[in-house]
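Listed here are the chains, written in short residue letters.
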Amino acid sequence: MKATAKAPANIAFIKYWGKRNESLRIPMNSSISMNLSEVFTTTSVEFSKEYIDDALVINGNTVDGKEKERVSEFLDRIRKISKVKLNAKVVSKNNFPKGTGMASSASGFAALTLATTKALGLNLSEKELSILARLGSGSACRSIPDGIVEWKSGKQSNFSYAYSLYPPDYWDIQDVILIIGEKDKKISSTEGHALVESSPFYKSRIAKMDTKIRDIKKALKEKDFTKFGQIIEEEAVNMHAVMMTSKPGLFYWLPETLKFMLLVQNWRDNGVESYFTIDAGPNIHIICEGKSVNKLMKKIKELKGIKNAIVNKPSIGARLID
Ligand code: DP6
């Protein structure tokens, strides 16, 4: 009873920050993201009566404590559906740093969902897989379908899932991730979500979400990169303003993050059209069209202090592998 799955990380253009229901991870607003071709998690799950407990190995290290508990609780949900009581060994590998706002939990829980359900002989639809992945980590539901994805907030669990808006080859937009910090963040996204109501700006953020979603969908439909870029950049800053003004304030940026935000704007004024977005971490995602990526990389390479730059195209979602 073993299966292996690979799932991409995703970058949110319109962010998920704040939950309507914490334990079911039902978000306050819908979000829109793109799956990433070069950052992913590969996870094998094996159930056996030989195992006296669940075991979790991430990047070669055995993991205990809270993180293992979260995975075990997630496995329990699927064990319950399939009526199997066996323990499991989960072996997971990320090809990128964990806990740095690169949605390691998104690709992790998406791969875990697909591998676990398959290992237990369940053949679920994409929608069912997305709902299950969401229960592990909200943003993981967006790593199940292909390409550019919308997660419809829904008000109940069965209506809160992601689906593909466009396949990966719809539009050649790319995400150049600059790795600025690789340390685990002090406050996890799950803890951060729980603080949103304490920001005085949160209500006004939520009030404008439907319009923002409508506008970005229009920009996507028309492949209007300028409009699209303006929306995503403003959206990232808006989410971070809520983070910084919650109590306690959450500051995920490092000085280099701000440096690159300003550089991207400067490059844009000088003919390299790109826009930034940032998740719950210091790394910066620079979004550009395929035709600009070489010029952008030339600019990046001229600078010092960048540990790593990863160029991503839109990707397919989670898949089983041999
Ligand atoms: C800032 O999906 O990691 O990346 O549901 O508690 O696991 P949990 O949160 P998580 O939150 C992601 C927040 C974000 C924005 C986004 O990806 O939409």
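Residues numbered from 1 in each chain as written. Predicted model: local features only at pLDDT ≥ 70, side-chain atom pairs only at ≥ 80, totals over all residues. Heavy atoms only, no water.

Student: Even after reading the chapter, I still don't get the site of the ligand, so can you show me in this structure?
Tutor: Neighbouring residues of the ligand: 18 residues in total, closest Tyr16, Ser137, Gly138, Ser139 and Thr190. Serine 139 places a side-chain nitrogen or oxygen 2.6 Å from an oxygen atom of the ligand. For the ligand, whose unbound accessible area comes to 460 Å², protein coverage reaches 97%. Per-element accounting of the shell around the ligand gives the leading share, three residues, to helix H4 (residues 189-193). (Near = heavy atom within 4 Å. Polar contact = N/O pair within 3.5 Å; in protein donor to acceptor, adjacent residues only side chain to side chain. Areas by Shrake-Rupley, 256 points an atom, 1.4 Å probe, with all protein chains shown as cover. Helix = DSSP H or I, 4+ residues; strand = E, 2+ residues; numbered from the N terminus.)

Student: Please explain the domain arrangement of the protein as it appears in this structure.
Tutor: Accessible area lost when the parts come together is the quantity often used to give the size of an interface. According to the domain assignment, the protein consists of domain 1 (2-169) and domain 2 (173-312). Averaged C-alpha coordinates put domain 1 and domain 2 at centres separated by 23 Å. The partner domain 2 presents 49 residues to the 36 residues of domain 1 that form the contact. Three residues, Phe13, Lys15 and Trp17, lead the burial of domain 1 against domain 2; their summed loss comes to 27% of the area buried on that side. Counting every contact that joins domain 1 to domain 2 gives three salt bridges. (Domains from an automatic or database assignment. Contact = heavy atoms within 4.5 Å. Buried area = accessible area lost by both parts, 1.4 Å probe. Salt bridge = Lys/Arg side-chain N within 4 Å of Asp/Glu carboxyl O.)

Student: So what exactly am I meant to see when it comes to the sheet that holds strand S12 (residues 284-289) here?
Tutor: Working definition: the strands of a sheet are paired by backbone hydrogen bonds and lie parallel or antiparallel to each other. One open sheet accounts for four strands, arranged S11-S12-S10-S13; its pairing is antiparallel. What marks the edges here is a single partner per strand, and that holds for strand S11 (274-277) and strand S13 (308-312). This sheet shows a mean twist of 25° between the axes of neighbouring strands, independent of strand direction. Where strand S10 (residues 173-179) lies against S12, six bridges are found, and the strand directions are antiparallel. Within the sheet, the bridge partner assigned to isoleucine 177 lies in S12 and is histidine 285. Docked against the sheet, helix H8 (residues 255-269) engages S10, S11 and S12, running at close to 160° with respect to S11. Across the sheet, helix H9 (residues 293-301) lies against S10, S11, S12 and S13, angled at about 10° from S10, the strand it touches most. (Pairing = 2+ DSSP bridges. Axes fitted to C-alpha atoms, helices over the stretch in contact; angles between N-to-C directions.)

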